[in-house]
Amino acid sequence: MRPSRGRRETQEERADRQWSELLQELRVAQTGVQILFGFLLAVVFQSRFEDLGDIDRNIYVVTVMLGSATAAALIGPVSYHRLLTGRRMKPETVIWASRMTVLGLVLLFCTMCSALLLILRVALHNQLALWLVGAMALWFLACWFVFPVWALARGRSGRRAEEHEGEDEGEDEGEGSDGDASPDRGSDA
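This one's a predicted model, so the numbers in the text were calculated from it and none came from an experiment.

S.K.: Looking at this structure, I do not really get the overall build of the protein chain. What am I missing?
M.R.: From N to C terminus, the protein chain includes 5 helices and 0 strands. Secondary structure elements of the protein chain, listed N to C terminal, follow the sequence α-α-α-α-α. The proportion of buried residues among the 189 residues of the protein chain is 33%. Partitioning the intrachain contacts of the protein chain with sequence separation of at least 6 by distance along the chain shows that 76% fall at a separation of at least 24.

This is the structure we're talking about:
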């Protein structure tokens, strides 16, 4: 008998597991955002800040606002969970918290690019800064979004022959290779 692909768990058990996994992801992202945001807040109090031109000051303001929005989106799932605890809405909470986390990652991408642009403009004083930021933006997009989507597409493009044979043994068809349906697809709602 072949091992089953999917996990045997109730909707509530799945929501609990997915919430725990999401919290681990948020801890990593929140730490980075909080450190970056702290540095951004301190920049305005440095003596060299007065030497920045109007364009660089505007980039700084945009970067601080993006950093604030990022922090809100990545801390938001904790508040969402806290306000809905005990109301038997864990699956819905996981779905919305997951969406807020993806939004937070998009905002973090924008914050990182904006911060890099400011730093490299001040450091290089030339157009090379834009090219370097563009190259780094492509790298961020690849690491954070393209590679995961590519892996997802590859995982769904076709299963190995032994997996087809196991379908007759009662496997769940709507799940990924680890038996984890994405909360954004609404499988837990």
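S.K.: Teacher, can you tell me more about the packing of aromatic side chains here?
M.R.: Applying the stated criterion across every chain, the model contains 4 aromatic pairs. With centroids separated by 5.1 Å and ring planes inclined at 70 degrees, the aromatic side chains of Phe49 and Tyr60 adopt a geometry described as edge-to-face. Residue Phe49 is found in the loop between α1 (11-43) and α2 (54-84), and its partner Tyr60 is found in helix α2; the two are separated by 11 residues along the sequence. In this structure, Phe49 and Tyr60 share a single accessibility class: buried. Note on Phe109 and Phe140: the rings are 6.5 Å apart at their centroids and 90 degrees apart in plane angle, and the pair reads as edge-to-face. Within this pair, whereas Phe109 is found in helix α3 (residues 90-124), its partner Phe140 is found in helix α4 (residues 128-157), the two being separated by 31 residues in sequence.

S.K.: Is there a simple way to explain the environment of Leu116 in this structure?
M.R.: Along the chain, the position of Leu116 falls in helix α3. Exposure remark for Leu116: the relative accessible area of 25% places this residue in the partly exposed category. Put simply, Leu116 and Leu130 are 14 residues apart on the chain and 9.3 Å apart in space, counted from C-alpha to C-alpha. Each residue touching Leu116, except ones within four places of it in the same chain, is listed here: Val133, Met136 and Phe140.

S.K.: Before we go on, may I ask you to explain α1 in this structure?
M.R.: For the α-helix, the turn length of 3.6 residues means that residues three or four positions removed from each other point alike. An ideal rise of 1.5 Å per residue puts 48 Å on 33 residues; α1 measures up with 47 Å between its terminal C-alpha atoms. For α1, the complete set of buried residues consists of Arg14, Ala15, Arg17, Gln18, Trp19, Leu22, Leu26, Ala29, Gln30, Val33, Leu36 and Leu40. Contacts made by the buried residues of α1 are with α2 and α3.

S.K.: Even after reading the chapter, I still don't get the packing of α1 against α3, so can you show me in this structure?
M.R.: Running from N to C, α1 and α3 point in directions that differ by 25 degrees, and their axes come no closer than 10 Å. Here α3 runs roughly parallel to α1, going by the angle between their axes. The hand of the α1/α3 crossing is left-handed. Seen from α1, the contacting residues are Gln11, Ala15, Asp16, Gln18, Trp19, Leu22, Leu26, Val33, Leu36 and Leu40; seen from α3, they are Lys90, Pro91, Thr93, Val94, Ala97, Ser98, Thr101, Leu108, Thr111, Met112 and Ala115.

S.K.: Mind showing me how you'd approach the nonpolar core here?
M.R.: Most often, soluble globular proteins have nonpolar side chains that are buried together. If you look at the biggest cluster of nonpolar residues, it comprises 17 residues, and the most contacted ones within it are Tyr60, Phe109, Cys113 and Val133. Contributions of two or more residues to this core are made by α1, α2, α3 and α4. For this core, the leading source of residues is α3, giving 6 residues. Contact partners of Phe109, with chain neighbours within four places excluded, come to Ala137, Phe140, Leu141 and Trp144. Among the nonpolar cores identified, the runner-up in size contains 11 residues, and Leu22, Ala29, Leu74 and Leu108 belong to it.

S.K.: Help me understand unusual backbone geometry in this model?
M.R.: Of all residues except glycine, most have a negative phi; of all peptide bonds, most are trans. Even without a glycine there, the phi angle at Arg88 is positive, about 55 degrees. Inspection of the secondary structure assignment puts Arg88 in the loop between α2 and α3. Phi at His125 takes a positive value of approximately 55 degrees, unusual for a residue other than glycine. Counting through the fold element by element, His125 comes out in the loop between α3 and α4. The exposure class assigned to His125 is exposed, which follows from its relative accessible area of 65%.

The rules behind these values
Residues numbered from 1 in each chain as written. Predicted model: local features only at pLDDT ≥ 70, side-chain atom pairs only at ≥ 80, totals over all residues. Heavy atoms only, no water. Helix = DSSP H or I, 4+ residues; strand = E, 2+ residues; numbered from the N terminus. Buried < 20%, exposed > 50% of the residue type's maximum accessible area, 1.4 Å probe, protein only. Contact = heavy atoms within 4.5 Å. Phe/Tyr/Trp six-rings, centres within 6.5 Å; stacked < 30°, edge-to-face > 60°. Expected span 1.5 Å × (residues − 1). Axes fitted to C-alpha atoms, helices over the stretch in contact; angles between N-to-C directions. Parallel < 35°, antiparallel > 145°, perpendicular 65-115°, else oblique. Left-handed = near helix turned anticlockwise from the far one by under 90°. Core = buried A, V, L, I, M, F, W, Y, C linked by side-chain atoms within 4.5 Å.

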